[in-house]
Amino acid sequence: MKRMSKKIFLASPHMGGEELSFVHEAFETNWVAPLGPNVDNFEQELANYVGAKSAAALSSGTGAIHLALKALNVGEGDVVFCSSLTFSASCNPIIYQNAIPVFIDSDYETWNMCPVALEKALEDAKVNGNIPKAVIVVHLYGQSADFDKIQKLCNQYGVPIIEDAAESLGATYKGKQTGTLGEFGIYSFNGNKIITTSGGGMLVSDNEESIQKVKFWATQSRDQARHYEHTELGFNYRMSNILAGIGRGQLKVLNQRIQKKKRIYENYQEAFRDIEEIEMMPICNYGESNYWLSVMTVSPHSNVKPLDIMLALEKENIESRPVWKPMHLQPVYKEYKFFSSLEEGSISEDLFERGVCLPSDTKMIEEDMNRINNIVKGLF
Ligand SMILES: *Cc1c(COP(=O)(O)O)cnc(C)c1O
């Protein structure tokens, strides 16, 4: 029987060492609850790191998007624009609020929301009298969208922006952290993200009043009273004090993780330099990516297809993934509008068809990366 070679993950949790001491402290003080000192400190420390005035630690990034929409008063029948090339968590909360998503295509320069497609969508909305209540801009795979162009358009129409920075914690745009550029920013600490609490999220904003309100909604909207009094609908969306302890430890190694992710990207870039059919996801010079996932595309003229690469890696016990399937192509969202950057087809669809997310696990050693490089290079 063939010995199974060492498993290499796409992106797995990578503890730094200090997480357990925060968790221990929570146990010793019996703060085993959905609030407590770790929650308060994690919020403060994350807000300081990104340069936001306030933050609310929540049970998921999805929950953070949900409450950001609610804070912007998005309700039944309202329209919300969202990047199409993303994970479904970006737009599911639009439906939770009984609002209507409209999907916007990507461009080839950034892979993120295309300002040209966004402009088309805004003009169309103006004609139809349904200007969106919010635009959700995703910073895909750790790289910021070209925010100034998007913001300029949104300002023209008076539309606030929610940044889905679930994948881009620590990445910057013109010197500012992603997540702090729009009205609200959200981060995710799911197990596969650049830092993790096993599961969790954070909402940040300079609007401290809104963040206070979000914390109220997230703890079942309990009014000030001896008995349980509720004048508003509540949610159970707070982060546990145990998990916030993991987050505090993880935040200490975020910069190290970004450095390693960057080395992983550069390793692939160097390894595939001479293979004309492979292109790495472009890196934009307006900011610093956090390189959460290293993603490549295969030329449409290549005999090697993305599936061939994924299967070859899988055979050697190595994880890889297609690029996100765009939301406008998802059966659950097929009835909603989509604005493409192209006359025919779309850029997001093309990237989905030609893309492969390569292993980007920060626990990889050089030997692991060489194994991957050789398997991929061997196909071309
Ligand atoms: C992971 C992710 C989310 C959701 O975060 P959860 O914490 O898993 O709810 C949202 N948007 C994007 C783009 C993501 O990658």
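Residues numbered from 1 in each chain as written. Predicted model: local features only at pLDDT ≥ 70, side-chain atom pairs only at ≥ 80, totals over all residues. Heavy atoms only, no water.

Whether parallel or antiparallel, the strands of a sheet pair through hydrogen bonds between backbone atoms. Pairing is antiparallel across the open sheet formed by four strands, whose spatial order is 10-11-14-12. Here the strands that pair on one side only, and so sit at the sheet edges, are strand 10 (278-280) and strand 12 (321-322). As defined by bridge partners, strand 10 adjoins strand 11 (residues 294-298) across three bridges and the pair is classed as antiparallel. Note that in strand 11 the partner of Ile-278 across the bridge is Val-298. (Pairing = 2+ DSSP bridges. Helix = DSSP H or I, 4+ residues; strand = E, 2+ residues; numbered from the N terminus.)

Turning our attention to the domain arrangement of the chain. Taken domain by domain, the chain holds domain 1 (19-251) and domain 2 (254-379). The gap between the C-alpha centroids of domain 1 and domain 2 is 25 Å. Taken together, the two surfaces of domain 1 and domain 2 that pack against each other cover about 4000 Å², and 62% of this comes from carbon and sulfur. Applying the counting rule to domain 1 against domain 2 returns 31 residue pairs in polar contact (both at pLDDT 80 or more). Secondary structure elements with two or more residues in the side of domain 1 that touches domain 2: helix 4 (92-96), strand 3 (100-104), helix 5 (115-127), strand 6 (172-173) and helix 8 (241-251). Ranked by the residues each element gives to the side of domain 1 that touches domain 2, the list is headed by strand 3, at five residues. (Domains from an automatic or database assignment. Buried area = accessible area lost by both parts, 1.4 Å probe. Polar contact = N/O pair within 3.5 Å; in protein donor to acceptor, adjacent residues only side chain to side chain.)

Glancing now at the packing of helix 2 (residues 37-50) against helix 8. Contact pair helix 2 / helix 8: the axes reach a minimum separation of 8 Å and the direction vectors enclose 35°. Once helix 2 is placed against helix 8, the crossing between them reads as left-handed. Residues Pro-37, Asn-38, Val-39, Asn-41, Phe-42, Glu-45, Leu-46 and Tyr-49 of helix 2 touch helix 8, and the partners they reach there are Asn-241, Ala-244, Gly-245, Gly-247, Arg-248 and Leu-251. (Axes fitted to C-alpha atoms, helices over the stretch in contact; angles between N-to-C directions. Left-handed = near helix turned anticlockwise from the far one by under 90°. Contact = heavy atoms within 4.5 Å.)

Near the ligand you find 15 residues, and of these Thr-62, Asp-164, Glu-167, Ser-188 and Lys-193 are the closest. Asp-164 places a polar side-chain atom, nitrogen or oxygen, 2.7 Å from a nitrogen atom of the ligand. Notes on the ligand: free accessible area 380 Å², of which the protein chains cover 94%. Counted by class, the shell around the ligand contains four nonpolar, eight polar and three charged residues. (Near = heavy atom within 4 Å. Areas by Shrake-Rupley, 256 points an atom, 1.4 Å probe, with all protein chains shown as cover. Nonpolar A, V, L, I, M, F, W, Y, C, P; charged D, E, K, R; others polar.)

Next up on the list: helix 7 (residues 208-218). Among the residues making up helix 7, those that are buried are Ser-210, Ile-211, Val-214, Lys-215, Trp-217 and Ala-218. When helix 7 is viewed along its axis, its buried side chains cluster within an angular range of 160° and face the same direction. Seen from the open side of helix 7, the exposed residues pointing more than 90 degrees away from its buried face are Glu-209 and Gln-212. Summarising the contacts, the buried residues of helix 7 are in contact with helix 2, strand 1 (54-58), helix 3 (61-71), strand 8 (184-188) and strand 9 (201-205). Looking one or two places after helix 7, you find Gln-220, whose phi comes out positive at around 70°. (Buried < 20%, exposed > 50% of the residue type's maximum accessible area, 1.4 Å probe, protein only. Arc of directions from axis to C-beta.)

Glancing now at the sheet that holds strand 1. Taken in spatial order, the eight strands of this open sheet run 1-9-8-5-4-2-3-13, and their pairing is mixed. For this open sheet the edge positions go to strand 1 and strand 13 (338-339), each flanked by a neighbour on one side alone. Both strand 2 (residues 79-83) and strand 4 (residues 134-138) contribute to a ladder of three bridges, which runs parallel. Within the sheet, the bridge partner assigned to Phe-81 lies in strand 4 and is Val-135. Along the sheet face, helix 3 touches strand 1, strand 2, strand 4, strand 5 (161-164), strand 8 and strand 9 and points at about 165° away from the line of strand 8. Along the sheet, helix 7 contacts strand 1, strand 8 and strand 9; its crossing angle with strand 1, the most-contacted strand, is approximately 15°.

So, on to the side chain of Asn-241. Assignment of secondary structure puts Asn-241 in helix 8. The exposure class assigned to Asn-241 is buried, which follows from its relative accessible area of 1%. When near neighbours in sequence (up to four residues on either side) are disregarded, Asn-241 contacts Ala-26, Trp-31, Ala-33, Pro-34, Leu-35, Gly-36, Pro-37, Asn-38 and Val-39.

Our focus in this paragraph is the pairing of strand 4. Burial analysis of strand 4 places five of its five residues in the buried class, which makes it a mostly covered element. Burial along strand 4 is two-sided: the residues Ala-134, Ile-136 and Val-138 and Val-135 and Val-137 are all buried. One ladder, built from four bridges, connects strand 4 with strand 5; its direction is parallel. The residue of strand 5 that forms the bridge with Val-135 is Ile-161. A crossover links strand 4 with its parallel partner strand 5, the connecting element being helix 6 (residues 147-157), and its sense is right-handed. (Right-handed = clockwise from strand over helix to strand, strands pointing away.)

What follows deals with unusual backbone geometry. For Ser-221, which is not glycine, the phi torsion reads 50° and is therefore positive. As for its position among the elements, Ser-221 is in the loop between helix 7 and helix 8. For Ser-221, a relative accessible area of 0% translates into the label buried. Despite not being glycine, Tyr-291 shows a phi value in the positive range, around 55°.

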